[in-house]
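Chain and residue survey
Each chain, written out:
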Amino acid sequence: MRPLFVTVSLLAACAPPEDERQALVVQALVRADEVLLRTRPELMEGKFRRMAETPTTFFRGSLPLFVADWEAGRASSSGFLRDTLPVLGLGDPHPENFGLLAGRDGTFTFEPNDFDSVGPVPYLFDVRRLVTGLAVGARQRGPQLDGAALAYVAAAAYADALLAGDPPGAISEPGDSAVLADLFERAREDLGARSELQALTDGAQRFRRGVLDPTEPTALLAEVHPSLAELPAVVSRLASEGSVLDLVRQFGSGVASWPRLRFLVLLQGPTDAASDDVILELKELALAPTAGWYRPWAMAADTPTRVEAGLRRLWSRPDADPRWYTTSWQGLPLQVRTESEAHKGIRVARWSGRRGTQAELEKLAAVLGSVLARVHLASDADALATVRRQLARGPRAFAQEQANFAEVESAQALVDLGHFQRALESLGPRLGVTQDPRELPQGFAREIFGGPP
Amino acid sequence: MLLLTQVEAPSADAGVEVLPLPSFSPRADAFGEFNARFPSEGPALPAFTVPRVQLGLDAAWLGASARVLAEGAYATNGGALVGVQGDSVVLRLREAWAGYRWRFLEARMGLIPTLLIPELERGFRFRELGADGLERQQLLAPADLGASLRGFLPGGHGFVGVAVTNGEGYTSRELNAGKNVDVTALVRPFAALGLPLEVLGVASFGTQGVPQIPTARAGGGVQWSGPVLGAGASLFWARGLLGEASRTGLLAQGFVRLTLFEHLHLTARTQYFARSLAQEDGLFEGLLGVGGGHAFVDGFVAWARTVPVGVARPSVVGFDAHEGAETR
């Protein structure tokens with residue numbers, strides 16, 4: 001225990017003073033999104049507002065800060081990292097990046113559902129994003145939860161599964177987890193009811209426009225610009241699914257990807273009836289904050305190739321969502337996937353009642369740890385051998401180190417959220433990046449990168 | 001390949017002053033390489049690359065001078081505004097300035113080269129093999145938006161200069177109201193004897209980014225910048241690193257180069273950057289190169305080894321590598 005205690009103490013000792021920390025938070029977030037702050041200021045304001053809402057939304061949107069902490073040595077100090085080769089990882093496996101996907105046969109599997117940051121990473125980077133995300137979620141839900149214990153369970157499950165080389169196969173049933181049972185139950189209900197069609201189209205073969213949920217004014221659909229007439233061509237790969245009936249711009253989804261372009265495409269189903277139509281989400285992709293770590297050509301030449309190669313290798317079955325692929329449109333990397341209310345994801349906000357007990361969340365942590373191990377086991381054998389050598393030195397000590405890390409880092413995340421909120425107050429909604437109207441894109445580009453109408 | 005044209009003194013003819021014509025000198029540099037990279041953390045990555053292409057034009061007329069220099073470089077940080085992915089080549093200005101020299105004073109304004117790094121690069125001569133440590137570790141920028149004033153010492157004994165710049169370098173916009181001030185000196189104590197010994201030094205104070213993180217750099221070195229033999233060593237102290245105002249570090253670097261038979265170049269360089277003085281946390285880089293040149297083409301075979309040590313080992317991901325490159 002003593003060496004582990006020393007490790008965590010070292011982390012605290014390396015932390016910069018408070019006022020410096022606020023500067024570092026601002027610097028990391030501005031540097032990561034500087035181009036978007038200049039070209040899409042309204043959308044970036046929306047992202048920062050969303051990040052400031054809860055510890056979890058801040059954690060989800062602050063991956064660049066975690067990367068900065070890693071590069072400075074604050075998040076990478078460990079007794080279990082030496083001489084390990086990079087694995088093919090998710091890059092940001094916080095708990096809300098996992099959920100259910102419906103396959104071609106209508107069955108569900110529990111999978112990673114966000115590949116924006118997929119790529120080669122140190123295995124421990126992924127593990128620490130997961131365990132810290134669990135601990136941040138626990139802190140958000142209240143003092144009755146022990147985030148360090150959740151982190152310990154997740155890290156232990158990860159180590160055990162990776163050392164055994166025998167991770168869980170496709171998770172198509174909830175088992176004894178109340179959280180997963182809730183996901184599966186609601187997903188099956190929504191799959192049968194086609195809830196997304198009712199919510200987004202009101203029964204007609206056309207999307208509803210305007211604010212759909214008055215309680216969440218950011219959830220807004222609007223008419224697309226006429227220049228987007230060519231956009232449906234990007235779904236030509238799904239031509240067998242049916243013709244395009246409608247297309248709208250979507251605002252207000254995600255956290256980190258809040259300012260990215262999103263569209264919804266309504267496809268004709270097998271019949272003329274509205275009840276079997278299909279909705280696709282088109283989302284702009286971007287470079288991962290870790291993109292420079294192993295040189296861009298280490299995994300793929302461009303972002304769409306990186307993301308699609310990642311998801312095909314990391315799902316438990318290649319068609320976990322048969323309509324999920326990547327493409328590009330006018331130079332913008334795009335991801336296409338099924339938009340379905342049945343694709344339920346883990347949400348910290350639903351960690352309540354029976355689903356929010358320590359015991360239930362430890363079951364969830366174990367599942368997430370083992371699924372992350374399964375993801376990493378898709379890496380090449382040489383890399384896995386180096387990881388196993390480290391884990392074999394003491395799987396329980398490894399889990400304890402990650403628990404200690406999560407305890408410290410999740411507390412830091414809450415402090416950083418305070419810094420971030422104060423920075424928004426003092427520097428303004430764009431964190432002090434001054435806007436020169438001459439720099440804004442003009443014409444079509446301005447309209448498409450502007451805020452909600 | 002810079003062609004400088006000296007301005008002829010105007011001749012007087014029957015009381016009519018004939019002004020010289022302005023001179024223009026184009027310049028073009030293209031660096032292409034086959035880079036065989038053998039990271040300690042992953043598979044080998046042999047690849048043909050064109051890391052940088054520069055095209056420019058120098059102009060001079062009487063005491064006035066100007067330069068526009070554009071470069072195409074890989075965008076590794078998504079620097080383009082619209083519709084370009086990260087692994088693309090972006091075209092951007094490297095220098096764009098106008099200046100005037102009056103007697104021993106020279107002023108420049110615009111996107112100017114900073115005062116120290118170009119002198120260090122001139123001493124090393126083989127910039128295409130790897131940037132100077134000050135640029136590589138982002139301690140100082142090689143060019144920035146601002147203005148500079150240099151006072152030249154008599155007899156070619158060097159200069160003392162001051163530059164006031166935005167401080168974010170030439171690859172980023174200005175993000176704060178603070179300006180960087182660099183005071184630089186280069187002295188050639190034996191210029192009268194024709195000996196190319198140079199003593200250089202810089203003190204730089206400024207801020208970084210929106211939160212105006214204060215930065216300070218100071219240091220210097222000595223170099224022998226002869227056409228056949230070159231060698232140098234320098235040491236710089238830096239405060240305000242990795243986004244932390246209180247973090248201090250040190251950069252130490254040295255090089256030697258030798259040109260044999262007019263066109264055979266041999267060079268070796270080492271750099272060590274201590275990212276923190278509070279703990280073991282550094283990056284070591286060694287470089288060996290053999291090259292030859294004919295007319296306007298230079299070729300090199302180089303081996304480079306980068307090793308992070310201490311805290312940097314797990315933190316500075318992907319830099320532990322052997323690298324072999326042929327550069328032209």
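Residues numbered from 1 in each chain as written. Chains lettered and ligands numbered in written order. Predicted model: local features only at pLDDT ≥ 70, side-chain atom pairs only at ≥ 80, totals over all residues. Heavy atoms only, no water.

**Section: the environment of L332 of chain A**
The cut-off we apply is this: Helix and strand labels come from DSSP, where a helix needs a run of H or I of at least four residues and a strand needs a run of E of at least two; each type is numbered from the N terminus.
As for its placement among the helices and strands, L332 of chain A is situated in strand β11 (residues 332-338). Considered as a pair, L332 of chain A and A286 of chain A are 46 residues apart in the sequence and their alpha carbons are 8.6 Å apart.

**Concerning the confidence of the model for chain B**
To keep it simple, the criterion reads: A score from 0 to 100, pLDDT tells how confident the predictor is in each residue. Note on definitions: a residue-residue contact is assigned when non-hydrogen atoms from the two residues lie within 4.5 Å.
Averaged over every residue, the pLDDT of chain B is 87; the share at 70 or more is 85%. Note that pLDDT drops below 50 for residues 1-12 of chain B; the model gives that stretch 18 contacts with residues more than four away or on any other chain.

**Let's talk about the nonpolar core**
Our working definition: For our purposes a nonpolar core is just a set of buried Ala, Val, Leu, Ile, Met, Phe, Trp, Tyr and Cys residues, chained together by side-chain atoms within 4.5 Å. Type-normalised accessible area, obtained with a 1.4 Å probe on protein chains alone, sets the label of each residue: buried when under 20%, exposed when over 50%, and partly exposed for intermediate values.
Formed by 79 residues in total, the largest nonpolar core has its most connected members in F110, F115, Y123, Y158, I346 and F398 of chain A. Contact partners of I346 of chain A, with chain neighbours within four places excluded, come to P95, E96, F98, G99, F110, V179, L180, L183, W351 and L364 of chain A. Within the second largest apolar cluster, 23 residues are counted, among which are L417, F420 and A423 of chain A together with L175 of chain B.

**Overview of empty space enclosed by the protein**
All names here are of chain B. Filter applied, for reference: Using a grid of 1 Å spacing that covers the protein atoms alone, one calls a set of points a cavity when a 1.4 Å probe fits there but cannot get out, and a pocket when the set is open and has protein on both sides within 12 Å along at least five of seven lines; lining residues are those with an atom within 4 Å of a point. Grid points are joined across faces, edges and corners, and a volume is the space filled by probe spheres set on the points. Here the term charged refers only to Asp, Glu, Lys and Arg, the term nonpolar to Ala, Val, Leu, Ile, Met, Phe, Trp, Tyr, Cys and Pro, and the term polar to all other amino acids, Gly among them.
Scanning the model with the defined rule gives seven cavities of 30 Å³ or more in all. Looking at the second largest cavity, its volume works out to about 150 Å³. Lining the second largest cavity we find 20 residues, and of these L120, D132, S234, Q253 and F255 sit closest to its centre. The set of elements that each furnish at least two residues to the lining of the second largest cavity consists of α1 (117-124), β12 (213-225), β13 (229-241), β14 (244-260) and β15 (264-274). In the lining of the second largest cavity, the residues fall into seven nonpolar, nine polar and four charged.

**Regarding helix α7 (residues 147-164) of chain A**
An α-helix turns once every 3.6 residues. As a result, residues three or four positions apart point the same way. All names here are of chain A. Note the following rule: One less than the number of residues in a helix, times 1.5 Å, gives the span that helix is expected to have. Think of a polar contact as two N or O atoms within 3.5 Å of one another; within protein, one of them needs to be a possible hydrogen donor and the other a possible acceptor, and neighboring residues in sequence only count if both atoms come from side chains.
With 18 residues, α7 should cover 26 Å at 1.5 Å per step; its first-to-last C-alpha distance of 26 Å lies within 8% of that length. The buried fraction of α7 is high, at 14 of 18 residues. You can read the cap of α7 off the contacts: a side-chain oxygen lies 3.1 Å from the backbone nitrogen of A148, and it is on D146. Phi turns positive one or two residues past the end of α7, at G165, with a value near 65°.

**Things to note about the environment of L287 of chain B**
Residues and elements named next belong to chain B. By secondary structure assignment, the location of L287 is in strand β16 (residues 281-294). For L287, a relative accessible area of 5% puts it in the buried group. L287 sits 18 residues away from R305 along the chain, and the two C-alpha atoms are 6.5 Å apart. Sequence-distant contacts of L287, defined by excluding residues within four places in its chain, comprise F124, L129, T267, A268, R269, A302, W303 and A304.

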